[in-house]
Amino acid sequence: MKQKEIVTLQRSLLPDTEALLNKQIEMEGKSSAYYLSMASWCHMMGYANAAQYLYTHADEERMHMMKIFHYVNEAGGHAIQPEITGIRHNFHSLREIFELILEHEIKVTKSINNIVDHAFGVKDFATFSFMQWYVTEQREEETMSRRALELFDIIGEEGIGLWTIDQELGKLHSAANAGE
């Protein structure tokens, strides 16, 4: 069934597209809160470089949210400020945090791909084009998450391993920021 176009002088987003984008706004907002909570745990546990990596990452996720927020409103839609609840605050280990980050980034990638697929399917090429930045960004996010997690296998967690991993996370964080 072909969706009725509801594009007017005031609105260029289809309701389904707007709903998907608002769902992504919520996902990015929760990502920001999730990473902020992880950063706080790392800070409390003495992993200063991991904490800085995650504080920065939390800010980036909020920027991702705001970018979509503005896009929805500028396209005549109504961006919805998400309610952020259910954020975990305690973790078992530094490794667990980076395992959760990779898992989460894969979910975000799937969500982004779903929006891109939808936009292409309904011939909303403006949204399709807008979302290309997120496709590229997610490839980078997943790669960084995999590199961070690989540190645990390469270095090991015994002895000074966790300290060394924290130092390497600082270098990974610096290298990522230098590449931007």
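Residues numbered from 1 in each chain as written. Predicted model: local features only at pLDDT ≥ 70, side-chain atom pairs only at ≥ 80, totals over all residues. Heavy atoms only, no water.

1. Things to note about the overall build of the protein chain
Item 1. From N to C terminus, the protein chain includes 5 helices and 0 strands.
Item 2. If one aligns the C-alpha atoms of the protein chain with their principal axes, the spans along those axes are about 65 × 30 × 25 Å.
Item 3. Looking at the protein chain as a whole, 46% of its 180 residues are labelled buried.
Item 4. Sequence separation of at least 24 residues holds for 73% of the intrachain contacts in the protein chain that already meet a minimum separation of 6.
Item 5. Working note: accessible area of the protein chain is about 9900 Å², and carbon and sulfur atoms make up 56% of it.
Item 6. Of note, the protein chain has its 16 positive side-chain charges centred 7 Å away from the centre of its 27 negative side-chain charges. (Helix = DSSP H or I, 4+ residues; strand = E, 2+ residues; numbered from the N terminus. Buried < 20%, exposed > 50% of the residue type's maximum accessible area, 1.4 Å probe, protein only. Contact = heavy atoms within 4.5 Å. Areas by Shrake-Rupley, 256 points an atom, 1.4 Å probe, with all protein chains shown as cover. Lys, Arg positive; Asp, Glu negative; His and termini not counted. Charge placed at Lys NZ, Arg CZ, Asp CG, Glu CD.)

2. Regarding the UniProt feature "binding site: Fe cation" (unreviewed entry) in the protein chain
Item 1. With numbering matched to this structure, UniProt assigns "binding site: Fe cation" (unreviewed entry) to E28, E61, H64, E105 and Q138. A compact arrangement is adopted by the annotated residues: their sequence extent is 111 residues, whereas the largest C-alpha distance between any two is 13.1 Å.
Item 2. By the secondary structure assignment, E61 is in helix 2 (residues 48–74).
Item 3. On the basis of relative accessible area, E61 is assigned to the buried category, the value being 0%.
Item 4. Mapped onto the secondary structure, E105 falls in helix 3 (residues 94–121). (UniProt positions renumbered as here; feature names shortened; annotations may be inferred.)

3. With respect to helix 4 (residues 125–155)
Item 1. If you check helix 4, its first and last C-alpha atoms are 45 Å apart, about what 31 residues at 1.5 Å a residue would give, namely 45 Å.
Item 2. Of all the bends in helix 4, the greatest measures close to 30° and is centred on M131.
Item 3. Residue G156 follows helix 4 closely and has a positive phi angle near 85°. (Expected span 1.5 Å × (residues − 1). Bend = angle between axes of the 7 residues up to and from the residue.)

4. What to know about the environment of I80
Item 1. Inspection of the secondary structure puts I80 in the loop between helix 2 and helix 3.
Item 2. On a C-alpha basis, the gap between I80 and G159 in space is 47 Å, while along the polypeptide they are 79 residues apart.
Item 3. Those residues in contact with I80, other than ones at most four positions away along the chain, are N22, I25 and F69.

5. Quick word on the nonpolar core
Item 1. If you look at the biggest cluster of nonpolar residues, it comprises 27 residues, and the most contacted ones within it are M38, C42, L54, L94, I97, F98 and L169.
Item 2. Mapped by element, the contributors of at least two residues to this core are helix 1 (15–45), helix 2, helix 3, helix 4 and helix 5 (161–178).
Item 3. Excluding residues that lie within four positions of it along the chain, M38 makes contacts with L54, F91, I97, L100 and I101.
Item 4. Residues M65, I68, A79 and F130 belong to the second largest nonpolar core, which totals 18 residues. (Core = buried A, V, L, I, M, F, W, Y, C linked by side-chain atoms within 4.5 Å.)

6. Section: the packing of helix 1 against helix 3
Item 1. Packing of helix 1 against helix 3 leaves a shortest axis separation of 11 Å and a crossing angle of 170°. When the axis of helix 1 is compared with that of helix 3, the two are roughly antiparallel. Between helix 1 and helix 3 lies a crossing whose hand is left-handed.
Item 2. Among the residues making up the contact of helix 1 with helix 3, the classes are represented as 15 nonpolar, 7 polar and 4 charged. (Axes fitted to C-alpha atoms, helices over the stretch in contact; angles between N-to-C directions. Parallel < 35°, antiparallel > 145°, perpendicular 65-115°, else oblique. Left-handed = near helix turned anticlockwise from the far one by under 90°. Nonpolar A, V, L, I, M, F, W, Y, C, P; charged D, E, K, R; others polar.)

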